[in-house]
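Architecture at a glance
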Amino acid sequence: MPVHTYKLTEGKRVMTALKTRRAQDHAQVAIDHEKCNLCGLCVEVCKGNPLYIENERVMVDQNRLFGCVGCGQCTAICPQNCISVTGRTLKPEDFYPIPKKGERAGYEQLSALLAARRSIRNFKKEEVSDEHINKILEAASTAPMGLPPSEVEVFILKGFARVNEFASDAVDYFLGIKWMFSSPMLLLYRPFIGKEAYDLFKSFMQPLPNVFNEARRKGQDWLLYDAPLAIYFYSSPTSDPADPLIPATYAMLAAESLGLGTCMIGSIGPFLKYKNKLTRKYGIPPRHNTGVFLIIGHPRYKYQRAVKRSFARVTYWE
C-alpha cells in the first residue's frame, strides 16, 4: 500500500524544530491514506499541531506551531495503524501494543504495592542481578517526559564495591566544603536565603559532613547505606526540573514489584551539578538539573505494617 511520508512543507518556510541536546530536527510522519478512515483522533491528540484534515485527507505541515516533536501520540492512538513517526530518536519498533486490561494492575493491586513500599536502608549482602537492573531501567524508561526525546541520563553504581567507593569519595568531598555551611557563612547567606532555608542548613546540612565521616570511621555508610546498587537520575538544564524525578519514581516502584527495597537520596544531587572532583572522577556532566539517587537492594528485614501519610494541605477551588 502506498504510504505518503511528509517531511517539509513545499513552498513554505519550515518552522525551526524545537531543539534539545538529543534532537535538532522535526520528526517525520508517514501516513498510509488507503488505511486511514479519517476518524480524526490523530489530529485531536496532536499538540505540536502539524496534523490537520483538509479535503478529506490527514495532512502534515511542519510549519504549524511546533511541527512534529516526536511524541508519538498519533501513532499510539490510531485505530487503523496507518501512521508512523520516525526521528528525534523514535524508530518503528519503539511502538508496541498496550497490554490488555486484564494484564494490567487495577487500583487495588497498585494501592497494595504502594502501601507495601517502605524506604529501605538495611540491605542483605546480596548483589542485584543484571536481569533485575534491566527490568528496572526498562520500566523507568516508560515514564512521561517533558519535551521528547527524554533528556534524562542515568548513572549506575553497580555492586557493593562501587557504591562504597563513591560514598567514601562523596564524604571526603563534603568534608572539604563543610566551611560553606559553617555558622559564619550561614549568617552571611541568611539575608539572601530566608529563615526557613537558614534553619534547614543550620540543623541539617551543617552537621552532615561530620555525621557521615564519624559513621565511616565506624565502618558504616550513612550516605548510600551500603546498598549493592545506586542509580543517579539527572537531566540536561534545558529539560523540566521534574524530569529525573519521574523515572526515578517508576524505577522505585518497579524495584518494589521485583521484591527489592529502595530509598531515594536527595542530599548528593545538588553537589553534582558543578565541575568538581566527584563529577570529574565519575564522568557526570556538570551543569545539569539536580537529580536524585535511588539506592536498591534486597531488604534485610521484613516490615509488618504500612504507614498512613498526609499532605500538608489540600485545597479545592470550586
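Our subject is the structure listed above.
Predicted model only: the values in this text are computed from it and were never measured.

1. A word on empty space enclosed by the protein
Scanning the model with the defined rule gives 3 cavities of 30 Å³ or more in all. Taken as a whole, the largest cavity holds about 90 Å³ of empty space. In this structure, the largest cavity is lined by 13 residues; those nearest its centre are C46, P50, C68, C71 and C74. Considered class by class, the residues forming the lining of the largest cavity number 8 nonpolar, 5 polar and no charged. Of the voids in this model, the second largest cavity is the one considered here, and its volume is about 80 Å³. Looking at the second largest cavity, the residues that line it are F174, I177, F181, M205, L208, P209, F212, S267 and F271.

2. Description of the pattern of salt bridges
Should their charged atoms come close, side chains of opposite charge can pair. With the rule as written, the count across this model stands at 9 salt bridges. The closest approach of N and O atoms between K91 and D94, which form a salt bridge, is 3.6 Å. The exposure class assigned to K91 is partly exposed, which follows from its relative accessible area of 39%. Its relative accessible area of 32% is what places D94 among the partly exposed residues. Look at the salt bridges and you will find they share partners, linking R162, E165, D169 and K281 into a network.

3. What about the packing of aromatic side chains?
In this structure the tally under the stated criterion is 12 aromatic pairs. Between F155 and F166, the aromatic rings sit 6.3 Å apart at their centres with planes inclined by 50°, giving tilted as the arrangement. Placement of F155 in strand 6 (residues 152-158) and of F166 in helix 5 (residues 160-176) is noted, with a sequence separation of 11 residues between them. Residues F155 and Y282 carry aromatic rings whose centres are separated by 6.1 Å and whose planes lie at 70° to one another, so their mutual orientation is edge-to-face. Placement of the pair is F155 in strand 6 and Y282 in helix 9 (residues 277-282), with a sequence separation of 127 residues.

4. A few points about unusual backbone geometry
Residue P149 follows P148 across a cis peptide bond; omega there is -5°. In this structure, L38 is a non-glycine residue whose phi angle is positive, near 55°. As for its position among the elements, L38 is in the loop between strand 2 (28-31) and helix 1 (41-45). The residue Y225 is not glycine, and still its phi comes out positive at about 55°.

5. Regarding a nonpolar patch on the surface
A contiguous nonpolar surface patch, about 450 Å² in accessible area, is contributed by F311, V314 and Y316. Note that F311 resides in the segment after strand 9 (289-297).

6. Structural notes on the nonpolar core
F155, L157, F166, L223, L224 and F293 are the most contacted members of the largest nonpolar core, which totals 34 residues. For this core, the secondary structure elements donating two or more residues are strand 6, helix 5, helix 6 (183-205), helix 7 (208-217), strand 7 (229-235), strand 8 (261-265), helix 9 and strand 9. When residues in this core are grouped by element, the largest group, 7 residues, is from helix 5. Beyond its immediate chain neighbours, meaning those up to four positions away, L224 contacts L157, V163, F166, A167, A230, I265, I268 and I295. In this structure, V128, I231, M252 and V292 belong to the second largest nonpolar core, which totals 16 residues.

7. Topic: a positive patch on the surface
Residues R21, K275, R280 and R287 make up a contiguous surface patch of positive charge. Summarising the element assignment, R287 is placed in the loop between helix 9 and strand 9.

8. Describing the sheet that holds strand 8
Strand-to-strand pairing in sheets goes through backbone hydrogen bonds, with the strands running parallel or antiparallel. Read across the open sheet, the 4 strands follow the order 6-7-9-8; overall the sheet is antiparallel. Unpaired on one side and paired on the other, strand 6 and strand 8 mark the two borders of the sheet. When strand polarity is set aside, the average angle formed by the axes of neighbouring strands in this sheet is 20°. Here 6 bridges tie strand 7 to strand 9, and the two strands are oriented antiparallel to one another. For A230, the partnering residue across the bridge sits in strand 9 and is I295. This element, helix 5, spans strand 6, strand 7 and strand 9 of the sheet and lies at about 110° to strand 6.

What counts as what
Residues numbered from 1 in each chain as written. Predicted model: local features only at pLDDT ≥ 70, side-chain atom pairs only at ≥ 80, totals over all residues. Heavy atoms only, no water. 1 Å grid on protein atoms, 1.4 Å probe; cavity = no way out; pocket = protein on both sides within 12 Å on 5 of 7 lines; lining within 4 Å. Points joined across faces, edges and corners; volume = space filled by probe spheres on them. Nonpolar A, V, L, I, M, F, W, Y, C, P; charged D, E, K, R; others polar. Salt bridge = Lys/Arg side-chain N within 4 Å of Asp/Glu carboxyl O. Buried < 20%, exposed > 50% of the residue type's maximum accessible area, 1.4 Å probe, protein only. Phe/Tyr/Trp six-rings, centres within 6.5 Å; stacked < 30°, edge-to-face > 60°. Helix = DSSP H or I, 4+ residues; strand = E, 2+ residues; numbered from the N terminus. Patch = residues over 30% accessible without salt bridge, like charges linked within 9 Å, V, L, I, M, F, W, Y side chains within 5 Å. Areas by Shrake-Rupley, 256 points an atom, 1.4 Å probe, with all protein chains shown as cover. Core = buried A, V, L, I, M, F, W, Y, C linked by side-chain atoms within 4.5 Å. Contact = heavy atoms within 4.5 Å. Lys, Arg positive; Asp, Glu negative; His and termini not counted. Charge placed at Lys NZ, Arg CZ, Asp CG, Glu CD. Pairing = 2+ DSSP bridges. Axes fitted to C-alpha atoms, helices over the stretch in contact; angles between N-to-C directions.

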